[in-house]
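Structural features, examined
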Amino acid sequence: MSNLLILLLIAAWAWYTIIRVKKNVHMLQLNAYRTERYFHWMKEHPEKAMYPRDVWPALALVFLLPLWGLSVTWSFSLAALWAIAAYGLLIVTRPKTAEKKKLVYTPRVKRLLVATAILYVLILVVAWLIVNVFVAFLLLLVAANVLTFFIVMFANIINLPVESQISQRYFNDAESIVESMPELEVVGITGSFGKTSTKHILKAVLAAEYNVLMTPESYNTKMGVTRTIREQLKPYHDLFIAEMGAKQENDIAEICELVHQKYGVLTAIGEQHLETFKTLENIKKTKFELVETLPEDGTAFLNKDDENIRAYPQMNNCRTMYYGIDADDLHYRATEIAYSAKGTTFKVLKYDGSSVMIETKLLGRHNIYNILAAVAIGSEKNISLEKIARAIKGVPPVPHRLELKKSSATLTIIDDSFNSNPTGSKMAVEVLGSMPEKKVLVTPGMIELGEKEYELNKTLAHHAAVVCDFIILVGKKQTEPLQDGLTEAEYPQARFYVAADLQDALQKMREVTATEPSVVLLENDLPDTFNE
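Computed from a prediction, not measured in an experiment: that's the story for all the values here. (Residues numbered from 1 in each chain as written. Predicted model: local features only at pLDDT ≥ 70, side-chain atom pairs only at ≥ 80, totals over all residues. Heavy atoms only, no water.)

**Topic: the domain arrangement of the protein chain**
As a reminder, the rule being used: What counts as a domain boundary in this text is fixed by an automatic or database domain assignment.
The domain boundaries assigned to the protein chain delineate domain 1 (1–163), domain 2 (182–394) and domain 3 (403–523). Here the C-alpha centre of domain 3 lies 40 Å away from the C-alpha centre of domain 1.

**Regarding the pairing of strand β3 (residues 239–243)**
Applied cut-off: Between buried and exposed lies partly exposed: a residue is buried under 20% and exposed over 50% of the maximum accessible area for its type, with that area taken using a 1.4 Å probe on protein chains only. Numbering of helices and strands runs from the N terminus, with a helix taken as a DSSP run of H or I at least four residues long and a strand as a DSSP run of E at least two residues long. Pairing between strands is defined by DSSP: at least two bridges between them are needed. Crossover handedness is defined by viewing with both strands directed away from the observer: a clockwise path from the first strand over the helix to the second marks the crossover as right-handed.
Across the 5 residues of β3, 5 count as buried, placing the element largely inside the fold. When strand β1 (residues 185–190) meets β3, the two strands line up parallel, connected through 5 bridges. Following the sheet pairing, Val-186 is matched in β3 by Phe-240. Viewed along the sheet, the connection from strand β2 (residues 212–214) through helix α9 (residues 222–232) into β3 turns out right-handed.

**Brief notes about unusual backbone geometry**
Residue Glu-336 is not a glycine yet carries a positive backbone phi of 50°. Structurally, Glu-336 can be placed in strand β7 (residues 332–340). According to the relative accessible area criterion, Glu-336 is exposed, its value standing at 52%. With a phi angle near 60°, Glu-490 is a residue other than glycine that sits in the positive phi range. Checked against the element boundaries, Glu-490 lands in the loop between α19 (480–488) and β14 (496–499).

**Some points on the sheet that holds strand β10 (residues 403–406)**
Remark on secondary structure: sheet strands pair via backbone hydrogen bonds, oriented parallel or antiparallel. We apply this condition: For helices, the fitted axis covers only the stretch in contact; all axes are lines through C-alpha atoms, and the angles between them, taken along N-to-C directions, range from 0 to 180 degrees. Residue contacts follow a heavy-atom distance rule, with two residues in contact if any of their heavy atoms lie within 4.5 Å.
Judged by pairing direction, the sheet is mixed, and its 6 strands sit side by side in the order β10-β11-β15-β12-β13-β14 without closing on themselves. Only two strands of the sheet have a single partner each, and these edge strands are β10 and β14. Averaged over all adjacent pairs, the angle separating strand axes in this sheet is 20°, with direction ignored. As defined by bridge partners, strand β12 (residues 438–443) adjoins strand β13 (residues 470–474) across 4 bridges and the pair is classed as parallel. Directly across from Val-442, in β13, lies its bridge partner Ile-472. The strands that helix α17 (residues 422–433) touches are β11 (411–416), β12 and β15 (518–523); relative to β15, the one it contacts most, it runs at about 175°. Running at roughly 155° to β13, α19 makes contact with β12, β13 and β14 of the sheet.

**Observations regarding the side chain of Glu-175**
So the rule is basically this: His is not counted here, nor are the chain ends, while Lys and Arg score as positive and Asp and Glu score as negative. Criterion for a salt bridge: a side-chain nitrogen of Lys or Arg within 4 Å of a carboxyl oxygen of Asp or Glu.
Following the sequence through the fold, Glu-175 ends up in helix α7 (residues 148–179). No salt bridge forms around the buried Glu-175; measuring N to O, its nearest opposite-charge neighbour Lys-222 is 9.6 Å away. Residues contacting Glu-175, with those up to four places away along its chain left out, are Glu-257, Leu-258 and His-260.

**Focus: the nonpolar core**
Definition in use: Residue types Ala, Val, Leu, Ile, Met, Phe, Trp, Tyr and Cys, when buried and joined through side-chain atoms within 4.5 Å, form a set referred to as a nonpolar core.
In this structure, Leu-9, Tyr-38, Tyr-87, Phe-134, Phe-137 and Leu-138 are the most contacted members of the largest nonpolar core, which totals 48 residues. When residues of this core are traced back to their parent elements, those giving at least two are α1 (3–30), α2 (35–44), α4 (72–92), α5 (107–129), α6 (134–146) and α7. Broken down by element, the residue count for this core peaks at 11 residues, all from α1. By size, the runner-up hydrophobic cluster in this structure holds 38 residues, among which are Val-356, Leu-362, Leu-372 and Leu-385.

**Quick notes on the sheet that holds strand β4 (residues 263–266)**
Within the open sheet, the 9 strands sit side by side as β2-β3-β1-β4-β5-β6-β7-β8-β9. Their pairing is mixed. Of all the strands in the sheet, just β2 and β9 (355–360) have a single pairing partner and so form its edges. Pairwise comparison of adjacent strand axes, ignoring direction, gives a mean angle of 20° for this sheet. When β4 meets strand β5 (residues 299–303), the two strands line up parallel, connected through 4 bridges. By the bridge assignment, Val-265 is partnered in β5 with Phe-301. Contacting β1, β2, β3 and β4, helix α8 (residues 195–206) crosses the sheet at an angle of about 170° to β3. Together, β2 and β3 form the strand contacts of α9, whose direction differs from that of β3 by roughly 150°.

**Section: the packing of α7 against helix α10 (residues 251–259)**
In plain terms, the rule: By the definition adopted for this analysis, an angle is roughly parallel if under 35 degrees, roughly antiparallel if over 145, roughly perpendicular if from 65 to 115, and oblique otherwise.
One can describe the packing of α7 onto α10 by two numbers: an axis separation of 8 Å at closest approach and a directional angle of 50°. By the angle between their axes, α7 is oblique relative to α10. Taking contact as the criterion, the partners of Phe-171, Ala-174, Glu-175 and Val-178 in α7 are, on α10, Glu-254, Glu-257, Leu-258 and Val-259.

**Re the packing of aromatic side chains**
Any two aromatic rings considered together are summarised by their centre-to-centre distance and by the angle between their planes. For clarity, the cut-off: Pairing of aromatic side chains here covers Phe, Tyr and the six-membered ring of Trp, requires ring centres within 6.5 Å, and sorts the geometry by plane angle: under 30 degrees stacked, over 60 edge-to-face, intermediate tilted.
For the coordinates displayed, the defined rule picks out 13 aromatic pairs. Arranged with centres 6.1 Å apart and planes meeting at 50°, the rings of Tyr-16 and Tyr-87 form a pair that is tilted. Linking Tyr-16 in helix α1 with Tyr-87 in helix α4, this pair joins segments that are 71 residues apart in sequence. By relative accessible area, Tyr-16 is classed as buried at 1%. Plain terms: the ring middles of Tyr-263 and Phe-301 are 6.3 Å apart, the flat faces sit at 45° to each other, and that makes the pair tilted. Placement of Tyr-263 in strand β4 and of Phe-301 in strand β5 is noted, with a sequence separation of 38 residues between them.

**Some words on the pattern of salt bridges**
Applying the stated criterion across every chain, the model contains 21 salt bridges. Residues Lys-381 and Glu-185 are paired through a salt bridge, measuring 2.5 Å at the closest nitrogen-oxygen approach. Here the residue Lys-381 occupies a position in the loop between α15 (365–380) and α16 (385–393), and Glu-185 occupies one in strand β1, the gap between them amounting to 196 residues. For Glu-359, the salt bridge identified is with Lys-393, shortest N-O distance 3.9 Å.

**Topic: the side chain of Lys-304**
Considering the arrangement of structural elements, one finds Lys-304 in the loop between β5 and α14 (307–311). Despite its burial, Lys-304 remains without a salt bridge, the nearest opposite charge being carried by Asp-329 at 4.5 Å. Excluding anything up to four places from it in sequence, Lys-304 contacts Arg-310, Tyr-322, Tyr-323, Ala-327, Asp-328, Asp-329 and Leu-330.

Right under this line is the structure:
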């Protein structure tokens, strides 16, 4: 066997292996490096985790069969050439899909790639030791490609102790920074939806009189808050607003242990991430970790219109301020609500009898709740209602959260593509329904709702059927519950379209909105891990 052919075969294999490893590391990153979620993705999409086409190089073994009457040298040479050509074909014809969010080469990803590379080097060493047994040599290389998903997962498990130590070191560092600022006051915000919008509105309000830092973008995990503190919190900051997200019990408590919040805002509680929480009761308990860990001189700000918040038996007797629209005994109430194409206006009544008119570009009833929370905290921090109203008037919509975009003279986009949940999606559809133009919905539906995912998506289809003139569903398999819901609602088949992917959906959107003024609601946009 020519050593040159072997080296060419190893080079082709290595090139293809790098492509496969990069793809799997990307999926692991999109699953937050959580092995169980990565494994769940594989079970849901086995055809994307393990390619049957990866066995093409193994077909080279047919040249080793005696039926060809070739010499040993020719048999092995032809087999090697076939395998090299097969790897070349795999590289050229590999699946290429547009990535919404590309792999980010963070330090953690680099460590993961090093660990994965070490595993593949060990495989290659073993392969080299058995290179004279060509059948075993080639099968080992092919198996290393077929099992790339598991090799990356194993590398991630190997790295876990190191990653845990690094995370703890960063956490301790951030904790020291917070403890070195005794005058700093922290506002924690959590909820199943509305927390990011509330965070942005609150920052605008508090910034009228204080130096304020908020966690950026969607930095709402323990490590996201840790990173914000280490990189951005400075001694001159008076207030720190920490958005707190949760996908399992104790997630909120861990962040509270770091920031020692004085104020806690609970925006709403709904059925979200049921795959990990399992029950609504677990979600309530986890969200209330923010309130239960407030100090004696702390204050909780709760949306009393939310039935799940209202029903939870709060144990902490700290000062509690309620805001809302309909509930009784509110400290901050919104009245005289009016919607228009320019936004929303309403009056805020404070418990001491004072009031102020609010004008905002933000859409939807749920944004009124978000604004009420900001008004309540701002007022409790002794900012005048008039100054609060001026600050709110200038707040732009948060990107991808009911963000109004004028695409052309006749087409308006309501971008609500960042995540979705049953209550939030229903409210978004209600906003679409309030528009006078042709109403079009584009959605792949909702995810991570566990056993209720099918029924909750069907319910969303029922809401949409009442409001929409045309509906575009993204993903044939993903949207089966929505398709069933539209059929149940007797929504005409001629008025909905099932797109293969987002690009197909946007093309259809341009077709159905070309002839008359239209408003399109983009409700949710799934990550690449859900591509069909």
